[in-house]
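Coordinate inspection notes
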Amino acid sequence: MKTARRYLASEIYRSSSIVLAALVGLFSFFAVVDDLDQVGRDGFKLYHLLFLELLALPTRIYDILPIGLLIGAILALAALAQRHELVILRVSGVSGMRMLGMLWWVSVPVMLLALVLAEWLTPAAEVKLNETRLAITGSAGGRSSGMLRSGYWFKEDTQAGERIINVAALRPGGGASNVTLYDFTPDRRLATIMQAQSATFATNELRLQDVSITTIDPSLESALQAGSRATEPPVKVTHEAERTVSTTLTAELLLARVLTPERMAFTDLLDYVGYLNRNNLVSDRQIVAIWRKLIYPFTLLAMITIAAPIGFMQTRRGGVGVKVFLGILLGVAFFMANQLALNVGMLNRWPAWFTAVAPNALGLGLALLAMLNMEYGSLLRARWRRPADDPA
């Protein structure tokens, strides 16, 4: 059995590697063609584009790995079936469910690879990609960036009340430019406005440079309501070359605003969710991303389970192409169901665990039913018909 499992693993790994390389190359080519119109703008060169696509490779592998494993496993199993090697295994006493168990063992190293991609390679590559894009083009996050026309917005609680931070643009190395801080009192009255040309984040502090501070007199509102003249100037404007304020916002949280939640490391994502919850901000999207990251290795298990009944089917000559085409359809359908579940779940406020688990559980359940039907379906149907055909 060890020999059979190793042989099966080598065939699946080889086929999946070829399929994954082909898909990654195809999607990378399409991405380069799609972004070619940016070459020549503001000093953006072709080698810049190629370098950015190189940094995007770990993320692209992470996204395509489930479909690549599905198609690769179908190719390997179809080739084994065409060469009658699966028949030899069955004649040797290996049942279909036992071969499925062998496939699950084969998927364990791929799940470990997915864990390395999800927790180390993809987050590091995404951070480097956004920092490089920021240095080259002046904007981070690409087309999927969370930036509004007014920049990036953050909220945090302070000892004096509440603070809203607006960052117009990010800079490499954890810096920012055109930063505005709005400080509110506990009763949510605007107290001060600090506008800085540039800022850098350090440990639990924000260092502002070239700062303009607008202070609003707290008695202004009561004076206006009473119809009397304020004793002090209602607004004071001062200028400082540098000022340091305490903050819970860090360079990592600033960059997390740019990254897609699924691209973040699990610990960073938990920290970001904690920041959002502490400041009473919406964290539904990030919580769903946590569940999707937890369920991602089991997505690979579902893919190889779906591949099993398709690969085990006995077809005539030319059946390999039919199996591969069916595998591609199932892979695309699974991807669309995953995205549909995410969007519909967010709109209808479904539980995060259900949004992440439902497509995988459905695919795994249908694949297991198909395997059970292939293994025991004929026997059950024969037993069902026997009483009707029995002359006694």
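As shown above, the structure is provided for reference.
Below: a short report on this structure.

Of the regular secondary structure elements, the protein chain holds 11 helices and six strands. Considering only residue pairs separated by 6 or more positions, the protein chain has 64% of its internal contacts joining residues 24 or more positions apart.

This part takes up unusual backbone geometry. Even without being a glycine, Asn-280 presents a positive backbone phi close to 55 degrees. Tracing the backbone through its elements, the reader meets Asn-280 in the loop between helix H8 (266–278) and helix H9 (284–312).

Here we come to the packing of helix H1 (residues 2–35) against helix H3 (residues 57–82). Contact geometry for H1 and H3: axes closest at 6 Å, N-to-C directions at 135 degrees. Taken together, the axis directions place H1 and H3 in an arrangement best described as oblique. Seen along the crossing, H1 lies across H3 with a hand that is right-handed. Looking at the contact of H1 with H3 residue by residue, the class counts come to 21 nonpolar, five polar and two charged.

Next up on the list: the sheet that holds strand E6 (residues 235–246). Strand order in the open sheet made by the six strands is E1-E2-E3-E4-E5-E6, with antiparallel pairing throughout. Sheet topology places strand E1 (152–158) and E6 at the edges, where each strand pairs with a single neighbour. The sheet shows a mean angle of 20 degrees between the axes of neighbouring strands, direction not considered.

Glancing now at the environment of Val-344. Its place among the elements puts Val-344 in helix H10 (residues 319–348). Separated by 11 residues in the primary sequence, Val-344 and Thr-355 place their C-alpha atoms 8.5 Å from one another.

Before going further, it helps to spend a moment on the packing of aromatic side chains. Following the criterion strictly, the structure yields six aromatic pairs and no others. Ring geometry for Phe-29 and Phe-30: centres 6.0 Å apart, planes at 50 degrees, overall tilted. Each residue in the set Trp-350, Trp-353 and Phe-354 is aromatic and connected to the rest through ring pairs, giving one cluster.

Right, let's talk about the pairing of E1 for a bit. The sheet contact formed by E1 and strand E2 (residues 161–171) spans seven bridges and is antiparallel. In the sheet register, Trp-153 faces E2, and the bridge partner there is Asn-166. Hairpin connection from E1 to E2: two residues lie between these consecutive antiparallel strands.

A word on the pattern of salt bridges. This structure, assessed with the given rule, holds 15 salt bridges. As a salt-bridge pair, Glu-53 and Arg-60 come within 3.2 Å of each other at their nearest N and O atoms. In terms of burial, Glu-53 and Arg-60 fall into one category: buried. In this structure, Arg-163 engages Asp-183 in a salt bridge whose closest nitrogen and oxygen atoms are separated by 2.7 Å. Of this pair, Arg-163 sits in strand E2 while Asp-183 sits in strand E3 (residues 175–184), and the two are 20 residues apart along the sequence. Of the two residues, Arg-163 and Asp-183, both sit in the buried class. Linked by salt bridges that have partners in common, Glu-11, Arg-14, Arg-83 and Glu-85 make up one network.

Calculation rules
Residues numbered from 1 in each chain as written. Predicted model: local features only at pLDDT ≥ 70, side-chain atom pairs only at ≥ 80, totals over all residues. Heavy atoms only, no water. Helix = DSSP H or I, 4+ residues; strand = E, 2+ residues; numbered from the N terminus. Contact = heavy atoms within 4.5 Å. Axes fitted to C-alpha atoms, helices over the stretch in contact; angles between N-to-C directions. Parallel < 35°, antiparallel > 145°, perpendicular 65-115°, else oblique. Left-handed = near helix turned anticlockwise from the far one by under 90°. Nonpolar A, V, L, I, M, F, W, Y, C, P; charged D, E, K, R; others polar. Pairing = 2+ DSSP bridges. Phe/Tyr/Trp six-rings, centres within 6.5 Å; stacked < 30°, edge-to-face > 60°. Salt bridge = Lys/Arg side-chain N within 4 Å of Asp/Glu carboxyl O. Buried < 20%, exposed > 50% of the residue type's maximum accessible area, 1.4 Å probe, protein only.

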